[in-house]
Number of protein chains: 2
Amino acid sequence: MEKVKIGLLGFGTVGQGVWKTVRMNRDDLIHNAGLDVEISKILVRDMGKDREINPDSSFLTTNPLDIIEDESIQIVVELVGGIEEAKDFLEKAIEKGKHVVTANKALLALHGKELTEKAEKRGVQLRYEASVAGGIPILHAIRESLSANRIEKIMGIVNGTTNYILTRMSREGISFDEALKEAQNKGYAEADPTADVDGFDAAHKLTILASLGFKSGVDFEQVYCEGIRRMTPTDIEYAKELGFAVKLLAIGTEREGKLELRVHPTFIDEDHPLAAVNDAFNAVFIEGNAVGELMFYGKGAGDMPTASAVLGDIINVSRNQHHPNPQAYRLDFPKNRKHIMSMEETQTGYYIRFMVKDSPGVLGEIASTFGKNGVSLSSVIQKGEGEESVPLVFITHKTRESAVQKTIRQIQKFDAVTEVANLIRVEALS
Amino acid sequence: MEKVKIGLLGFGTVGQGVWKTVRMNRDDLIHNAGLDVEISKILVRDMGKDREINPDSSFLTTNPLDIIEDESIQIVVELVGGIEEAKDFLEKAIEKGKHVVTANKALLALHGKELTEKAEKRGVQLRYEASVAGGIPILHAIRESLSANRIEKIMGIVNGTTNYILTRMSREGISFDEALKEAQNKGYAEADPTADVDGFDAAHKLTILASLGFKSGVDFEQVYCEGIRRMTPTDIEYAKELGFAVKLLAIGTEREGKLELRVHPTFIDEDHPLAAVNDAFNAVFIEGNAVGELMFYGKGAGDMPTASAVLGDIINVSRNQHHPNPQAYRLDFPKNRKHIMSMEETQTGYYIRFMVKDSPGVLGEIASTFGKNGVSLSSVIQKGEGEESVPLVFITHKTRESAVQKTIRQIQKFDAVTEVANLIRVEALS
């Protein structure tokens, strides 16, 4: 049986989860993987801090070089978070010839291309299963089990916080602010919720998923990113009435060699498997040209699910140590950079809610403006009567974003239109 | 780049799917796996038969030894189906030092223990991802990505035919016979549907899943197996009313070192992710002690999804050729055979529908018989009035099968009870 010594950089929730899992499942690791995983050293900021797990102080160090330069350590696990320091640690570890495992999605979204290239040049493996969708082994599936496929579409609920908020809004009819407060009280959302609710976290993950799945380096800035702050109980009610669930989706599609990459709240057909993914759960839906539709569902965060993914990487790295294929997990393909469409070029369905003065002819005027711009409508809902301002809701068939935006700019100018209250993209089943 | 030469034993739907996928996705295989997969030789029964795919006759042979004894072929793929012949081919290929890939679930359920042992002793790899849930890479996930977990529960919709039939019955209110006929007309069910509708196919797959997941050799005969023929529109109506979906589930649970293994129609809470798996789709739900709940969803059959799994195995075998860990996919663990509970010992919830004469006191008499046997009830539905015979429906909390069966035997004797119309097991969310 093989012994593998690892060093942990950071000992927060995930680091402690790795420690607990190694203790709890040592027999399983030995049996399943033929590996005896030993945590040799742990980098902490504060030696004396009282944690849920308090290893003997001989395990702890405040000097990263005690891990990075330790000849006996084969795999360095980066769990400090943040960008600059984490990047510096990983680079040093790679230079020293260590295999590296990280759960740091922001780092990979911003610097994954150079880091995976560095690892490849140095002949070591860099793995990051835990960076996307926590415990769900989606990256491993894409790069190993599904290798015989061309991936055509990736669609994910990859942020648990926003999924929890949208689930609460849908079930209870409460506002975004109320649901956010509840998520914060339950520990699902941070005091500063920007990274989650504005979609950046999901966009980081889509950057990684798309680069790996479509084999084309993606820059984080190229991913269209829109959060869920504008979602209202009114719109969610319409979604239900029209047969949709509301999800923050990270969507990547390859069409004729070009990529569409976008994160935004989405009305998704209630019969789509993603529609049933609720609370803080994550799921990634994939279409491969051989395998067809697949979905992977599970916990996107938490100490133990994330530790499961980190340890999966450690096992995989150890198994491949003598015959590595570092190229398998690279995030850049300089010779094969696919064009990434601007949002104007993308195509999807749209839900548009106008507020209009209830006057004769306004529905006809708006509907024909859609028609003139080549946007075909699949549903219209007009409600309320006699009130000063009434909602007028349209669902379009799949159409180009630019055509929809142009139409809205024209409709906005109508005297009878008091407000373009919301625009939400729609994934209907074909 | 590495070249891998494979031989196909059999050229039906799946064999032709492998051929098509290798042609269609050659670039992806080279890029993703660094592998140039070449199909060298194909065993057919009839050289002249006109197929959807007709390779040059130089690829075809009617002599299995042309493949098994060909020194240049590294991997033999068994797709002939059946038991004896397939087993003979695999044994011969293993003896010759070939790695082997198969999609043959019946063969593995009945002889997987000896075959994986033979492969391990000979130092070759035996893989069978396509044998369970078609294109869904569930076995690979269990044995690789989730290696750091102890698997506690496996629950799967692993037979597309029965899932299609139950979906149609639920949506349209039609009878089992009508839905079966429809499935046969659509090509989802065989002319002789026994293997599917009586649960044997699902039990084969559970034998494989449980052996691998719980690391304990399971004999096919030890899996309790009950099909869906007794399912009626009436019971499905009650399921909906009570908040359940109806699925044929293959369930494996480890409790205190003992295994519970059963295939039967199940009322599953409509909020469970498996409840949303419809039509011919498959899904496997897993609970690991670190990762928590995971679900994998996709196509369980079909030429291309199955080919995707077969090729995933081929890639994996090739990658591990120089450093194989054949033990990883064994199906027997003679030193670690866990006790498998009889059905009497298992515990779950129950739906029981009695037909009774509408006379005073009958509900009370039945309910107290449950109570006397320690079976606690969670719901009761009494309907109809004045008719000769009315339904009386009970849902129990989780309880021992033996206690429920004993109760039913007692109740059956009551004068007022005309029939025990159905008993269906229930998976409620805890």
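Rules used in this analysis
- Residues numbered from 1 in each chain as written.
- Chains lettered and ligands numbered in written order.
- Predicted model: local features only at pLDDT ≥ 70, side-chain atom pairs only at ≥ 80, totals over all residues.
- Helix = DSSP H or I, 4+ residues; strand = E, 2+ residues; numbered from the N terminus.
- Buried ≥ 20, exposed ≤ 12 C-beta atoms within 10 Å, placed from the backbone.
- Least-squares fit on C-alpha atoms with pLDDT ≥ 70 in both.
- Contact = placed C-beta atoms within 7 Å.
- Core = buried A, V, L, I, M, F, W, Y, C linked by C-beta atoms within 7 Å.
- Pairing = 2+ DSSP bridges.
- Nonpolar A, V, L, I, M, F, W, Y, C, P; charged D, E, K, R; others polar.
- pLDDT = per-residue confidence, 0-100.
- Axes fitted to C-alpha atoms, helices over the stretch in contact; angles between N-to-C directions.
- Parallel < 35°, antiparallel > 145°, perpendicular 65-115°, else oblique.
- Left-handed = near helix turned anticlockwise from the far one by under 90°.

So, about the overall build of chain A. When its secondary structure is counted, chain A shows 14 helices and 18 strands. By its C-alpha atoms, chain A is 80 × 45 × 35 Å across when sized along the principal axes. Looking at chain A residue by residue over its 430 residues, the buried ones come to 55%.

Looking now at the relation of the copies chain B and chain A. Placing chain B over chain A gives an RMSD of 0.0 Å and needs a rotation angle of 180 degrees, together with 0.0 Å of translation along the axis. Each copy turns onto its partner about a two-fold axis. Of every C-alpha in chain B, the one belonging to Phe296 of chain B sits nearest the axis of rotation, 2.3 Å from it. Comparing interface residues between copies, 100% of those in chain B also sit at the interface in chain A, which points to an isologous, same-surface contact.

Once that is clear, we can look at the nonpolar core. The nonpolar side chains of a soluble globular protein tend to be buried, and buried together. Counting residues in each nonpolar core, the largest one holds 281 residues, and the members touching the most others are Val284 and Val310 of chain A together with Val284 and Val310 of chain B. If near-sequence neighbours (up to four positions away) are discounted, Val284 of chain A is found in contact with Ala133, Ile136, Ile138, Ile154, Gly156, Val158, Met295 and Phe296 of chain A.

Let's shift gears to the pairing of strand E18 (residues 417-427) of chain B. Bridge count for strand E10 (residues 258-269) of chain B against E18 of chain B is 3 bridges, and the pairing is parallel. Looking across to E18 of chain B, one finds that Thr266 of chain B is bridged to Arg425 of chain B.

Bringing the interface of chain B and chain A into the picture now. Listed as interface residues are 50 residues of chain B and, on the opposing side, 50 residues of chain A. Broken down by secondary-structure element, the contributors of at least two residues to the side of chain B that touches chain A are helix H1 (13-24), helix H2 (26-33), helix H6 (138-145), strand E12 (292-299) and helix H12 (303-319) of chain B. A class-by-class count of the residues in the side of chain B that touches chain A yields 21 nonpolar, 21 polar and 8 charged. Across 5 bridges, the pairing between strand E12 (residues 292-299) of chain A and E12 of chain B is antiparallel. Residue pairing in the sheet places Phe296 of chain A in a bridge with Phe296 of chain B of E12 of chain B.

Before going further, it helps to spend a moment on the confidence of the model for chain A. When the pLDDT values of chain A are averaged, the result is 95; 98% of them are 70 or greater. Taken together, the chains of this predicted complex give a pTM of 0.96 and an interface ipTM of 0.95.

Another aspect to go through is unusual backbone geometry. We note that Ala133 of chain A has phi near 60 degrees; this positive angle belongs to a residue other than glycine. With respect to the secondary-structure elements, Ala133 of chain A resides in the loop between strand E6 (126-127) and helix H6 (138-145).

For any two helices packed against each other, the geometry comes down to the angle between their axes and how far apart the axes lie. All names here are of chain B. Relative orientation of the contacting elements helix H13 (residues 362-372) and helix H14 (residues 401-412) amounts to 150 degrees, with a least axis distance of 9 Å. In terms of orientation, H13 lies roughly antiparallel with respect to H14. The chirality of how H13 crosses H14 is right-handed. Here H13 contributes Ile366, Thr369 and Phe370 to the contact with H14, which in turn contributes Thr407, Gln410 and Ile411. A per-class count over the contact of H13 with H14 returns 3 nonpolar, 3 polar and no charged.

It is worth spelling out the environment of Ile340 of chain B at this point. Residue and element names in this part refer to chain B. Mapped onto the fold, Ile340 is located in strand E13 (residues 339-340). On the basis of neighbour counts, which here come to 21 C-beta atoms within 10 Å, the residue Ile340 falls in the buried class. It is 9.7 Å that separates the C-alpha atoms of Ile340 and Ser216, two residues lying 124 residues apart in sequence. The residues touching Ile340, leaving out its near neighbours within four places in the chain, are Val218, Gln222, Leu259 and Leu261.

This paragraph deals with the sheet that holds strand E2 (residues 35-43) of chain A. Residue and element names in this part refer to chain A. A sheet is described by the order of its strands in space; here 6 strands give the open sequence E3-E2-E1-E4-E5-E6, paired in parallel fashion. The sheet terminates laterally at strand E3 (60-61) and E6, the two strands that pair on one side only. Where strand E1 (residues 2-9) and strand E4 (residues 75-78) come together, 4 bridges link them in parallel fashion. The residue bridging Leu9 from the neighbouring strand is Glu78, located in E4. Packed on one face of the sheet, helix H12 (residues 303-319) meets E1, E2, E4, strand E5 (99-102) and E6 and runs near 160 degrees to E5.

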